[in-house]
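The primary structure of each chain is shown beneath.
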Amino acid sequence: MPISTEPTAHDDGGIFQHSGSSSAFPALEHFRVQNVPPAAYYVPDFITEEEEAYLLRKVEESPQPKWKRVGSGRRLQYWGGTMSKNGVLLPEPLPDFLTAFPDIIQRIESFLGAASSGKSEGKGKERALDANQVLVNEYEPGQGISPHEDGPAFRPLVATLSLGSHTVLDIHHYLSTTAPSPPMVTSMPSPSDDPANEGRPIAAIPLAHLLLLPRSLLILSSSLYTSHLHAIAPRTKDIVRSKEANSDDEVVISNADLLCDAFIADRLRENGSWEKERGVRTSLTFRHAEKVLKGGAFSMALGALRRT
Ligand SMILES: O=C(O)CCC(=O)C(=O)O
Ligand SMILES: [Fe+2]
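Residues numbered from 1 in each chain as written. Chains lettered and ligands numbered in written order. Predicted model: local features only at pLDDT ≥ 70, side-chain atom pairs only at ≥ 80, totals over all residues. Heavy atoms only, no water.

### Brief notes about the nonpolar core
If you look at the biggest cluster of nonpolar residues, it comprises 33 residues, and the most contacted ones within it are L211 and V240. Of all the elements in the fold, those that place two or more residues in this core are β2 (40-43), β10 (167-173), β13 (208-212), β14 (217-221), α6 (222-226) and α7 (262-270). For this core, the leading source of residues is β13, giving four residues. Counting 30 residues, the second largest nonpolar core, distinct from the first, contains A39, Y41, A159 and L163. (Core = buried A, V, L, I, M, F, W, Y, C linked by side-chain atoms within 4.5 Å. Buried < 20%, exposed > 50% of the residue type's maximum accessible area, 1.4 Å probe, protein only. Helix = DSSP H or I, 4+ residues; strand = E, 2+ residues; numbered from the N terminus.)

### Quick word on the site of ligand 1
Looking at ligand 1, the residues that line it are L135, N137, Y139, I145, H148, D150, T160, H230, I232, R281 and S283. Interatomic distance of 3.0 Å between a side-chain N/O atom of H148 and an oxygen atom of ligand 1. At a separation of 3.1 Å, an oxygen atom of ligand 1 approaches a polar side-chain atom of D150. Summarising the interface, the protein chains cover 93% of the accessible area of ligand 1, which totals 300 Å² for the free molecule. (Near = heavy atom within 4 Å. Polar contact = N/O pair within 3.5 Å; in protein donor to acceptor, adjacent residues only side chain to side chain. Areas by Shrake-Rupley, 256 points an atom, 1.4 Å probe, with all protein chains shown as cover.)

### Remarks on the packing of aromatic side chains
Considering all chains together, one arrives at four aromatic pairs under this definition. With a centroid separation of 5.5 Å and an interplanar angle of 65°, the aromatic rings of F31 and F111 are classed as edge-to-face. Of the two residues, F31 is situated in the loop between α1 (26-29) and β2 and F111 in helix α4 (residues 104-116); the sequence distance between them amounts to 80 residues. An identical accessibility class is assigned to F31 and F111; each is buried. Taking 6.0 Å as the distance between ring centres and 85° as the angle between the ring planes, the aromatic pair formed by F46 and F111 counts as edge-to-face. Residue F46 is found in the loop between β2 and α2 (49-61), and its partner F111 is found in helix α4; the two are separated by 65 residues along the sequence. Judged by relative accessible area, F111 falls into the buried class, the value being 17%. Members of the aromatic cluster, connected to one another through ring pairs, are F31, F46 and F111. Just above the ring of W79 sits the side chain of K66; from NZ or CZ to the centre is 4.1 Å. Sitting above the plane of the Y174 ring, R200 keeps its charged end 4.1 Å from the centroid. (Phe/Tyr/Trp six-rings, centres within 6.5 Å; stacked < 30°, edge-to-face > 60°. Lys NZ or Arg CZ within 6 Å of the ring centre and 35° of its normal.)

### Some points on the sheet that holds strand β18 (residues 273-277)
Across the sheet, three strands lie side by side as β17-β16-β18; this open sheet has mixed pairing. Sheet topology places β17 (250-252) and β18 at the edges, where each strand pairs with a single neighbour. Neighbour-to-neighbour, the strand axes of this sheet turn through a mean angle of 30°, independent of strand direction. Running at roughly 125° to β18, α7 makes contact with β16 (237-241) and β18 of the sheet. (Pairing = 2+ DSSP bridges. Axes fitted to C-alpha atoms, helices over the stretch in contact; angles between N-to-C directions. Contact = heavy atoms within 4.5 Å.)

### Some thoughts on the coordination of the iron ion (ligand 2)
Working reference: metal with six octahedral donors, ideal angles 90 or 180 degrees; metal with four tetrahedral donors, ideal angle 109.5 degrees. Protein coordination of the iron ion (ligand 2) is provided by H148 (NE2), D150 (OD) and H230 (NE2), with donor distances spanning 2.1 Å. The class for D150 is buried, based on a relative accessible area of 11%. (Donors = N, O, S within 2.8 Å, 3.2 Å for Na, K, Ca; no water.)

### As for the pattern of salt bridges
Scanning all chains against the criterion turns up 15 salt bridges. E61 is the partner of K58 in a salt bridge, and the nearest nitrogen-oxygen pair spans 3.9 Å. Here K58 and its partner E61 are both found in helix α2, three residues apart, which amounts to about one turn of the helix. Since its relative accessible area comes to 25%, K58 is described here as partly exposed. Residue classification places E61 among the partly exposed positions, given a relative accessible area of 47%. (Salt bridge = Lys/Arg side-chain N within 4 Å of Asp/Glu carboxyl O.)

Have a look at this one:
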């Protein structure tokens, strides 16, 4: 089948390359999560409470067949089309609530563009997210997602908007199969989306934890996306600290200084920890499938017909 392949972001070693402290992206750099592999950016309050409520309503109002359930766990929706078995996007038009009002896709693009403007005239396109698929995940308290990679079918620059409730995202790494590693409990990744990593053992203890508050945007890029895994532990409550965890129930978060939440900052300073029960969290993940089935207008129109 005819497919269009765009240049991959790997060509220049990743979309956001940072050389030492002199980053070409100072605005984005401000939101960079420290002490995690390159690169994660956490942007608090990316949307307003009204926009959050509106997006939640639009997701909830979607026709029933739009929802897929993963086993007996979380529910999913795909917007912009689904992926074929061989990693090609079968495109459908994105809905107005993602493109027109609120203009989330444009806002992410401007944010990345503004952040990378200046030196990168003409290179903006390569650094754009250019989302053509949006994945909706809905988690009840106690539901999560096991360690996985989103895989090579997507540009290694994804943005996730959190709605409704906080959660904690864990970053895992693969264990080296050549270098001797210290005795360590390992777990096998769930069937990977990248065949090259199928069956590789992963470290049972996450490398880092990120607290994602409602309305925040998380951007994962470069090697954090291409050579690590991400997961959400199936907890009903999170206890977070900014330094040293005291028990298995607690996690140390790497983005404490980026949260912009005075209440949490007080708790972390005064008690050393902040805890909260999880509510229902809906996440929207914006990503760019590298290969798209050609036939543009025709397949898009077909997609639109299928949705009516
Ligand atoms: O809900 C999230 O923040 C992550 C979702 C995710 O990693 C996925 O669906 O691939
Ligand atoms: Fe993922």
